[in-house]
Amino acid sequence: MNNHKLYLCEKPDQGRIIAKALGGGQKSDGGIVGPDWAVTWGFGPLLTPYMPHDYDEALKKWSWDPLPIVPPKFLFKPTGPSAAKQITKIDKLMKGASEVIISTDPDREGELIAYEILNRLKWSGRTTRLWLSDLTTPAVQKALANLKDAAETKPLYWAAMARTYADWIVGMNMSRAATLKLAAYGAKPMSVGRVQTPVLGLIVDRERKIVG
C-alpha cells in the first residue's frame, strides 16, 4: 500500500470509529485499511522510559555513588511483547504513507503517545492532527474535514515530555536516596514521586490536624 494516509489512534475503539467515519474498510494486521487510507492504533502508551539499569547494568545495585542519575539522552522501550508487536505492525502500515494524521486523544498524553511512536519509527513525512473529543460519526467527519497542522498542538507533546523527564529524575533518584538514607533505621525500600509524595504529605498533615 503506497501514497496513503495513515491515521494513528490511541486505542482500538477510537480507530474503529474513525474508520467507520471514513467509510469503512477491511481489517488488517494491526489496523483497518481503506481505498487510500489506513487506521492503526496503540493500546494507550506502547513505550515506556528505560530504567536506570537499561542504560548501565551496574545501576541495578542501589548506591550513593552514581546519584543523581541523569541520562544524557532519555530512551524508551516497548511496554511489553504485545506492544512491541503492535509497533512492528504500525511500522508496516506506515511504509509508503504520504501523510500521518495524529488521531490520539486531544490532550498532552495523547500527543505524547503519538510522538513516541513516530519518533521510534523515525517518521519525517507530512504530519497533521485530527482534533476531536466527540466520537459521534458527524463530529468525527467534521473533524476529518478540518485537520490541523501538527505544529499547532505539538507543544502539548513537549509539555508531556518535560513532565515525563521530571517524574523519572525525581522518582528514580529520590527513591534510591530515601531508601539508602533510611536503611540504617530498618526501613523498607521507599517510593518517592514528584506528585505522589507531596500529595501524600498533604493528606498526612490534614489527618494529623483532624486527629488533633
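The coordinates are above.
A brief look at the structure comes next. (Residues numbered from 1 in each chain as written. Predicted model: local features only at pLDDT ≥ 70, side-chain atom pairs only at ≥ 80, totals over all residues. Heavy atoms only, no water.)

### Some words on the pairing of strand E1 (residues 4-9)
Two faces, one strand: in a regular strand the side chains alternate between the faces of the sheet.
Then comes step 1: Of all the 6 residues making up E1, 5 are buried; the element is thus mostly covered by neighbouring parts of the structure.
Then comes step 2: With 6 bridges connecting them, E1 and strand E7 (residues 97-103) associate as parallel partners. Across the sheet, lysine 5 pairs through a bridge with glutamate 99, a residue of E7.
Then comes step 3: Bridging between E1 and strand E4 (residues 37-41) involves 5 bridges; their strand directions are parallel. Bridge pairing links tyrosine 7 to valine 39 in E4. (Buried < 20%, exposed > 50% of the residue type's maximum accessible area, 1.4 Å probe, protein only. Helix = DSSP H or I, 4+ residues; strand = E, 2+ residues; numbered from the N terminus. Pairing = 2+ DSSP bridges.)

### Quick word on helix H6 (residues 150-182)
Then comes step 1: Between its terminal C-alpha atoms H6 stretches 47 Å, which fits the 48 Å expected from 33 residues at 1.5 Å a residue.
Then comes step 2: Of the residues flanking the start of H6, the one acting as N-cap is aspartate 149, its side-chain oxygen 2.8 Å from the backbone nitrogen of alanine 151. (Expected span 1.5 Å × (residues − 1). Polar contact = N/O pair within 3.5 Å; in protein donor to acceptor, adjacent residues only side chain to side chain.)

### Topic: a nonpolar patch on the surface
Then comes step 1: A cluster of nonpolar side chains, contributed by Leu182, Tyr185 and Met190, occupies part of the molecular surface with about 320 Å² of accessible area.
Then comes step 2: The residue methionine 190 is located in the loop between H6 and helix H7 (196-211) in this model.
Then comes step 3: Judged by its relative accessible area of 34%, methionine 190 is partly exposed. (Patch = residues over 30% accessible without salt bridge, like charges linked within 9 Å, V, L, I, M, F, W, Y side chains within 5 Å. Areas by Shrake-Rupley, 256 points an atom, 1.4 Å probe, with all protein chains shown as cover. Salt bridge = Lys/Arg side-chain N within 4 Å of Asp/Glu carboxyl O.)

### Quick word on the side chain of glutamate 99
Then comes step 1: Note that glutamate 99 resides in strand E7.
Then comes step 2: For glutamate 99, a relative accessible area of 7% corresponds to the buried category.
Then comes step 3: Reaching out from glutamate 99, the side chain makes a polar contact with the side chain of arginine 126 at a distance of 3.5 Å.
Then comes step 4: Of the polar contacts made by the side chain of glutamate 99, one reaches the side chain of threonine 128; its length is 2.6 Å.

### Quick look at the sheet that holds strand E8 (residues 126-129)
In a beta sheet, neighbouring strands are held together by backbone hydrogen bonds and run either parallel or antiparallel to one another.
Then comes step 1: Pairing within the open sheet is mixed, and its 7 strands lie in the order E2-E3-E4-E1-E7-E8-E9. Two strands in the sheet have a free side with no partner beyond their single neighbour: strand E2 (26-28) and strand E9 (148-149).
Then comes step 2: Packed on one face of the sheet, helix H1 (residues 12-21) meets E1, strand E3 (31-33), E4 and E7 and runs near 165 degrees to E4. (Contact = heavy atoms within 4.5 Å. Axes fitted to C-alpha atoms, helices over the stretch in contact; angles between N-to-C directions.)

These figures come from the coordinates and say nothing about function on their own.
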